[in-house]
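# Observations on the three-dimensional arrangement
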Amino acid sequence: MSFVSPAARYEVTVPPPEDGSTRARSGVLTLTHGAVETPQFMPVGTNATVKALTPAEISETGASIILSNTYHLYLRPGHERIERLGGLHRFMDWDGPILTDSGGFQVVSLGDLRVIDDDGATFRSHIDGSVHRFTPEHAIAVQEALGSDVAVAFDQPVFPSSPRAVVADATERTHRWAERSLRAHTRPDQAIFGIIQGGLDPELRAASTRTIAAMPFDGICIGGLAGDETPEQRDAALDVAVPLLADDPRVRYLMGLGSPADLLEAVHRGVDLFDSVLPARVARNGQLWVPGGRLNLRNQRFLDDPAPVQEDCPCLLCRHFSRAYLAHLFRARELLAYRLATCHNLTFTLDFMARIRASIRAGTFPADMPDLRLRAGRVSGSAASEKSA
Ligand SMILES: [Zn+2]
């Protein structure tokens, strides 16, 4: 199964097995700045930087594509300034693929005093209180100025647990905005993905899947999850949406999911691409992910521990430093703590995705699920009350 547009080519190299034991699949998404093996995780560079890391360090974690936030870059330093300075890749010196989100999530979750009408959304900047307006056309123009490999259609996300009428209204508006985003998009070296909404209601989720899949997008985002829903509710929503896309040759991207346990279950249900601030955010709080769980480096017991955070980990932290040293850095609030911890958690996450891909390619993914679940640990993103912003 393959899909080709001027700016995106997706080829499923290992389709799901015929026996229905899993919908997990592996493939290659080729974009203007390079190829991305799926299933894949995208570290988030909110302000045109993956916090605390240089581009070389981002690469060293195993990342092949990053996400950057349209809303944040529009407000500061401004998309027109980035365009004048040669575009986002040159501005941040990242040569690999970049996906920009639509800004919809941040407008709804960060912008104060927002007013949403059929034409667009008016909001106050969370930085200085100034008033701004995003329409589908403007969100696309901002992303074309940034020059990302993948732009995303402007949408109106709502919390998964919102009342049905609220979800229905936002989902229908998202569909109208998807059509306008497509019409506004002109840049031939940039792909554009559309977003499925529909909340947790099976009928709304199915209708949104059919509507967005019928439009000529280059990829399909599954939005409105990784919020306040339970893992079971998320699984149920994926079990509605993904089977409707079974014969669709485009890549599937679940927005905002980031814990290894959650990533594994979503891959099993047929998702190809993910992003989240979670691994980096919890790292800066001193939570280091290791096989089977996590270590809290703020805990006193690590102050005398000479072992690396993870014995076999190839990251900058584990190659050179002990748990005792990192625990000291966190207590002293030294800047190096945030950099080293972020390198480790991203390396752990991207290595976990590589293990998943290897398992799918070997044809042993269903049999490997118990071991992969053990390695992921039991902490899910929603259970830890962490989410994307
Ligand atoms: Zn490490």
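Residues numbered from 1 in each chain as written. Predicted model: local features only at pLDDT ≥ 70, side-chain atom pairs only at ≥ 80, totals over all residues. Heavy atoms only, no water.

### Examining the coordination of the zinc ion
- Summarising the metal site, the zinc ion is bound by the protein donors Cys313 (SG), Cys315 (SG), Cys318 (SG) and His344 (ND1), whose distances to it range over 2.1 to 2.3 Å.
- Along the chain, the residues donating to the zinc ion are arranged with the sequence spacing C-x1-C-x2-C-x25-H. Taken together, the residues span a long stretch of sequence, with Cys313 in the loop between strand E17 (293-296) and helix H12 (316-320) and His344 in helix H14 (residues 335-362) at a distance of 31 residues.
- The class for Cys313 is buried, based on a relative accessible area of 7%. (Donors = N, O, S within 2.8 Å, 3.2 Å for Na, K, Ca; no water. Helix = DSSP H or I, 4+ residues; strand = E, 2+ residues; numbered from the N terminus. Buried < 20%, exposed > 50% of the residue type's maximum accessible area, 1.4 Å probe, protein only.)

### Observations regarding the pattern of salt bridges
- Per the stated rule, a full pass over the model turns up 26 salt bridges.
- For Arg180, the salt bridge identified is with Glu137, shortest N-O distance 2.9 Å. On the criterion of sequence distance, the pair formed by Arg180 in helix H7 (residues 164-184) and Glu137 in helix H6 (residues 136-146) is long-range, its members being 43 residues apart.
- What makes Arg180 buried here is its relative accessible area of 15%.
- Owing to a relative accessible area of 34%, Glu137 belongs among the partly exposed residues under this scheme.
- For the salt bridge of Arg375 with Asp351, the shortest nitrogen-to-oxygen distance reads 3.6 Å. (Salt bridge = Lys/Arg side-chain N within 4 Å of Asp/Glu carboxyl O.)

### Concerning the pairing of strand E12 (residues 191-196)
- Most of E12 sits inside the fold, with six of its six residues counted as buried.
- The alternating pattern of E12 places Ala191, Phe193 and Ile195 on one face and Ile192, Gly194 and Ile196 on the opposite face, and all of these are buried.
- Taken together, the four bridges between E12 and strand E13 (residues 219-222) define a ladder with parallel strand orientation. By the bridge assignment for E13, Ile195 is matched with Cys221.
- Between E12 and its parallel partner E13, the chain crosses via helix H8 (residues 202-213), and the hand of that crossover is right-handed. (Pairing = 2+ DSSP bridges. Right-handed = clockwise from strand over helix to strand, strands pointing away.)

### Quick notes on the layout of surface pockets
- If you add up the space inside the second largest pocket, you get close to 260 Å³.
- For the lining of the second largest pocket, the per-class residue count stands at five nonpolar, two polar and six charged. (1 Å grid on protein atoms, 1.4 Å probe; cavity = no way out; pocket = protein on both sides within 12 Å on 5 of 7 lines; lining within 4 Å. Points joined across faces, edges and corners; volume = space filled by probe spheres on them. Nonpolar A, V, L, I, M, F, W, Y, C, P; charged D, E, K, R; others polar.)

### A closer look at the sheet that holds strand E2 (residues 9-14)
- Taking strand neighbours across the sheet as the criterion, the four strands line up as E1-E2-E3-E4 in an open arrangement whose pairing is antiparallel. In this open sheet, the two strands that pair with only one neighbour each are strand E1 (2-4) and strand E4 (34-38). Strand after strand, the sheet turns through a mean of 15 degrees between neighbouring axes, direction not considered.
- As paired elements, E2 and strand E3 (residues 26-31) share five bridges and run antiparallel to each other. If you follow Tyr10 over to E3, its bridge partner there is Leu29.
- Its contacts with the sheet place H14 against E2, E3 and E4, and it is angled at close to 70 degrees to E4. (Axes fitted to C-alpha atoms, helices over the stretch in contact; angles between N-to-C directions. Contact = heavy atoms within 4.5 Å.)

### Comments concerning the packing of aromatic side chains
- Summed over all chains, the structure comprises seven aromatic pairs.
- Centre to centre, the rings of Tyr71 and Phe123 are 5.6 Å apart; their planes meet at 45 degrees, and the pair counts as tilted. In this pair, Tyr71 is assigned in helix H2 (residues 70-75) and Phe123 in strand E9 (residues 121-124), connecting sequence segments 52 residues apart.
- Take Phe123: its relative accessible area is 1%, and that puts it in the buried class.
- In this structure an aromatic cluster arises from ring pairing among Tyr71, Tyr74, Phe123, Phe134, Phe154 and Trp177. (Phe/Tyr/Trp six-rings, centres within 6.5 Å; stacked < 30°, edge-to-face > 60°.)

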